[in-house]
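Coordinate analysis (summary)
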Amino acid sequence: MYNKIYVEITNICNMNCSFCHGHSRAPKKMSREEFLSVLDKIEGYTKFIYYHLMGEPLSHSELPDFLKFAGKRGFNSIITTNGTLLNKRGEAILEAGIHKVNISVHSFEEGTEEKFEEYLNNIVDFSEKANRKGVIVVFRLWNNGYDNGRNEKIIDFLKNKFNTDWSVNLKGFKIKEKMFLEYGERFEWPDLNAKEQGSDIFCYGLRDHFGILSDGTVVPCCLDSNGIINLGNIFTDNLSDILNSERAKAIKYGFDCRKAVEELCQKCGYAQRFKLK
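Residues numbered from 1 in each chain as written. Predicted model: local features only at pLDDT ≥ 70, side-chain atom pairs only at ≥ 80, totals over all residues. Heavy atoms only, no water.

Let us look at the overall build of the protein. For the protein, the count of helices and strands is eight helices and ten strands. Rg of the C-alpha trace for the protein: 19 Å, near the compact-globule value of 19 Å for 277 residues, within the 12% margin. Overall, the C-alpha framework of the protein stretches about 55 × 45 × 35 Å when taken along its three principal axes. Considering only contacts in the protein between residues 6 or more positions apart, those separated by 24 or more positions represent 69%. Summed over all atoms, the accessible surface of the protein reaches about 13,400 Å², with 47% contributed by carbon and sulfur. (Helix = DSSP H or I, 4+ residues; strand = E, 2+ residues; numbered from the N terminus. Rg over C-alpha atoms; globule rule 2.2 N^0.38 Å. Contact = heavy atoms within 4.5 Å. Areas by Shrake-Rupley, 256 points an atom, 1.4 Å probe, with all protein chains shown as cover.)

With that settled, consider the pattern of salt bridges. Summed over all chains, the structure comprises 15 salt bridges. Close ionic contact of Arg-207 with Asp-256 constitutes a salt bridge, the shortest N to O distance being 2.2 Å. In this pair, Arg-207 is assigned in the loop between β8 (179-185) and β9 (209-212) and Asp-256 in helix α7 (residues 246-256), connecting sequence segments 49 residues apart. Take Arg-207: its relative accessible area is 35%, and that puts it in the partly exposed class. Given a relative accessible area of 41%, Asp-256 falls into the partly exposed group. A cluster of three or more residues bridged by salt bridges with shared partners is formed by Arg-32, Glu-62 and Asp-65. (Salt bridge = Lys/Arg side-chain N within 4 Å of Asp/Glu carboxyl O. Buried < 20%, exposed > 50% of the residue type's maximum accessible area, 1.4 Å probe, protein only.)

For the rest of this paragraph, the subject is the nonpolar core. In this structure, Tyr-51, Phe-139 and Ile-212 are the most contacted members of the largest nonpolar core, which totals 75 residues. In terms of residue count, helix α4 (residues 113-132) provides more of this core than any other element does, seven residues in total. The contact partners of Phe-139, leaving out residues within four places of it in the chain, are Ile-103, Val-105, Ile-123, Ser-127, Leu-158, Phe-162, Ile-175, Met-179, Phe-180, Leu-181 and Glu-182. Listed in part, the six residues of the second largest apolar core include Tyr-6, Tyr-50, Leu-53 and Val-219. (Core = buried A, V, L, I, M, F, W, Y, C linked by side-chain atoms within 4.5 Å.)

To continue, consider the pairing of β8. Where strand β7 (residues 172-176) meets β8, four bridges bridge the pair, whose relative direction is antiparallel. Its bridge partner lying in β8, Gly-172 is registered against Glu-182. From the end of β7 to the start of β8, which pair antiparallel, there are two residues, and Lys-178 there has a positive phi angle of about 65°. (Pairing = 2+ DSSP bridges.)

Our focus in this paragraph is the packing of aromatic side chains. Taken as a whole, this structure holds eight aromatic pairs when the rule is applied. Between Phe-173 and Tyr-183, the ring centres sit 6.2 Å apart and the planes meet at 65°, which makes this aromatic pair edge-to-face. In this pair, Phe-173 sits in strand β7 while Tyr-183 sits in strand β8, placing the two residues ten residues apart along the sequence. Judged by its relative accessible area of 34%, Tyr-183 falls in the partly exposed class. With a centroid separation of 5.0 Å and 85° between ring planes, the pair formed by Phe-202 and Tyr-204 is classed as edge-to-face. The exposure class assigned to Phe-202 is buried, which follows from its relative accessible area of 10%. The partly exposed category is assigned to Tyr-204, whose relative accessible area is 37%. The structure contains a cluster of three or more aromatic residues connected by ring pairs, namely Phe-35, Tyr-51 and Phe-66. The ring of Trp-142 has Arg-140 lying over it, and the distance from NZ or CZ to the ring centre is 4.0 Å. (Phe/Tyr/Trp six-rings, centres within 6.5 Å; stacked < 30°, edge-to-face > 60°. Lys NZ or Arg CZ within 6 Å of the ring centre and 35° of its normal.)

Mapping Asn-233 onto the fold places it in the loop between β10 (218-219) and α6 (239-243). A distance of 2.9 Å separates the side chain of Asn-233 from the backbone oxygen of Asp-215, its partner in a polar contact. Residues in contact with Asn-233, not counting those within four places in the same chain, are Asp-215, Gly-216, Thr-217 and Ile-242. (Polar contact = N/O pair within 3.5 Å; in protein donor to acceptor, adjacent residues only side chain to side chain.)

See the structure below:
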């Protein structure tokens, strides 16, 4: 069983953040029928669904219904969001049922200080409601070295709003029970036009997780934003056949030997953190 499966219910986003690789695919939102088909196919493969690869999941009008469908099937739903739509959609997703929300608070790169403070207030308001419901909330600052001085302002703001005994952990801070702030390094996304990093690479793709793009394309990891490593299509193919294909087995065996067999993987900056020192 996989620790998680990434399901991209939409590849459309309401922002254009500098740290995001983006994609060149046609805009697409999964229909209700397509999402239900995905649930049918992945049952027994994981208990945790992450609602993104590209795109902003809260921009999908049927997200609350998707959460309900997933919950009834026994899946735990995790959303990663830029947070800009939480003031409009937050109540609906809490009512629908959700296990965890990751909020990329480094997403707000432009706009006035007034708008920035409004954005943070909306996030805090949602997070307090989510925490009362027992939902895990993680504030993400995955932009070390590229924060333009805003990280310190964000942390000061959160400390003022959450006047608790913050404790240090391996990823950042535990603010209180089921509420955290995490740091992360900015990284180079895999790209066929990027510089080759070499084949001596390890990755958790197809071991810990895999991804499903909004058009049904199955990819080995959550960073294949353009579906370059197309293993098959979940809408038309048997998932077992996809995951046991010669290409998929070669990728997984390669990583077992700390070798990247795919060109895209050889050009992945994120995978460099798994290199043997």
